[in-house]
Amino acid sequence: MSKSFRYLSGLFLLMVAGIGSEEIHVAHASAPDQCDQEADQKKTEGEKRLSKFMREKLTSSQQVLEGLMVEDYDLMQKGAQRMIEMSNATEWQVIEGPIFARQSEEFRSTAKEVIKFAKEKNLDGASLSYLHLTMTCIACHKKVNKVMISQR
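Residues numbered from 1 in each chain as written. Predicted model: local features only at pLDDT ≥ 70, side-chain atom pairs only at ≥ 80, totals over all residues. Heavy atoms only, no water.

1. A short note on helix α4 (residues 73-87)
Applicable threshold: Numbered from the N terminus, helices here are DSSP runs of H or I no shorter than four residues, and strands are runs of E no shorter than two. An expected span of 1.5 Å times one less than the residue number is assigned to each helix. The definition of a polar contact used here is a pair of N or O atoms within 3.5 Å, where within protein one atom must be able to donate a hydrogen and the other to accept one, and adjacent residues in sequence count solely through side-chain atom pairs.
Its 15 residues give α4 an end-to-end C-alpha distance of 21 Å, which sits within 8% of 21 Å, the value for a rise of 1.5 Å per residue. The N-terminus of α4 is capped by Asp-72, whose side-chain oxygen sits 3.2 Å from the backbone nitrogen of Asp-74.

2. Things to note about the packing of helix α3 (residues 45-70) against α4
How we decide: Inter-axis angles, ranging from 0 to 180 degrees, are taken between N-to-C directions of lines fitted to C-alpha atoms, where helices are fitted over the stretch in contact. Should an angle fall under 35 degrees it is called roughly parallel, over 145 degrees roughly antiparallel, and 65 to 115 degrees roughly perpendicular, with every other angle called oblique. By convention the crossing between two helices is left-handed if the near helix lies anticlockwise of the far one by an angle smaller than a right angle, and right-handed if it lies clockwise. Whether two residues are in contact is decided by their heavy atoms: any pair within 4.5 Å suffices. Each residue receives one of three labels: charged for Asp, Glu, Lys and Arg, nonpolar for Ala, Val, Leu, Ile, Met, Phe, Trp, Tyr, Cys and Pro, and polar for the others, Gly being one of them.
Packing of α3 against α4 brings their axes to within 7 Å, and their N-to-C directions diverge by 155°. Here α3 lies roughly antiparallel to α4, going by the angle between them. Judged by the twist between their axes, the crossing of α3 over α4 is left-handed. The segment α3 lies against α4, with Phe-53, Glu-56, Lys-57, Ser-60, Ser-61, Gln-63, Val-64, Glu-66, Gly-67 and Leu-68 engaging Leu-75, Met-76, Lys-78, Gly-79, Ala-80, Arg-82, Met-83 and Met-86. Looking at side-chain class alone, the contact of α3 with α4 contains 8 nonpolar, 5 polar and 5 charged residues.

3. Describing the side chain of Gln-77
Here is the rule: A simple rule labels every residue: compare its accessible area, found with a 1.4 Å probe on the protein chains alone, to the largest value its type can have, and call it buried under 20%, exposed over 50%, or partly exposed in between.
Examined against the element boundaries, Gln-77 turns out to sit in helix α4. The exposure class of Gln-77 is buried, given its relative accessible area of 18%. Once residues within four sequence positions are removed from consideration, Gln-77 is found in contact with Ile-115, Ala-118 and Lys-119.

4. Re the side chain of Thr-110
Looking at where Thr-110 falls in the secondary structure, it is placed in helix α5 (residues 98-119). Taking relative accessible area as the criterion, Thr-110 reaches 1% and is therefore assigned buried. From its side chain, Thr-110 meets the backbone oxygen of Glu-106 in a polar contact 2.8 Å long. Apart from residues lying up to four places away in sequence, Thr-110 is in contact with Ser-129, His-132, Leu-133 and Thr-136.

Keep in mind these values describe shape, not function.
Structure follows, in structure tokens:
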């Protein structure tokens, strides 16, 4: 395994740990089912559909990650292909405009890179592309959250 790959993997894990730490504290505050029920009661129907859609996208992302961990190139391709399909769905279009369109195109392009490297059985390339894919998700969520907050 290359030194740069190990470095990026470690950086990614630290980043994920930092992002998820807030969620961990919330989950321990009460029973997970109770947290989900309380959150669902506060959401509109549209927000519930979007939340379900994004959970499905996360599941596809986890397939790619699992594929990377066990060197299952078919699983990597399956997860990345599902993410591309989802990015073309109506539910994906949370915000209209050129910035969101560019981010969506970058997301699809990067998911295609994951597939390309998986077909080549290039674990390092697929891993780096997956890291880039994850960063596009995080950047987009940050922008969408800012827009949503400003619209309230």
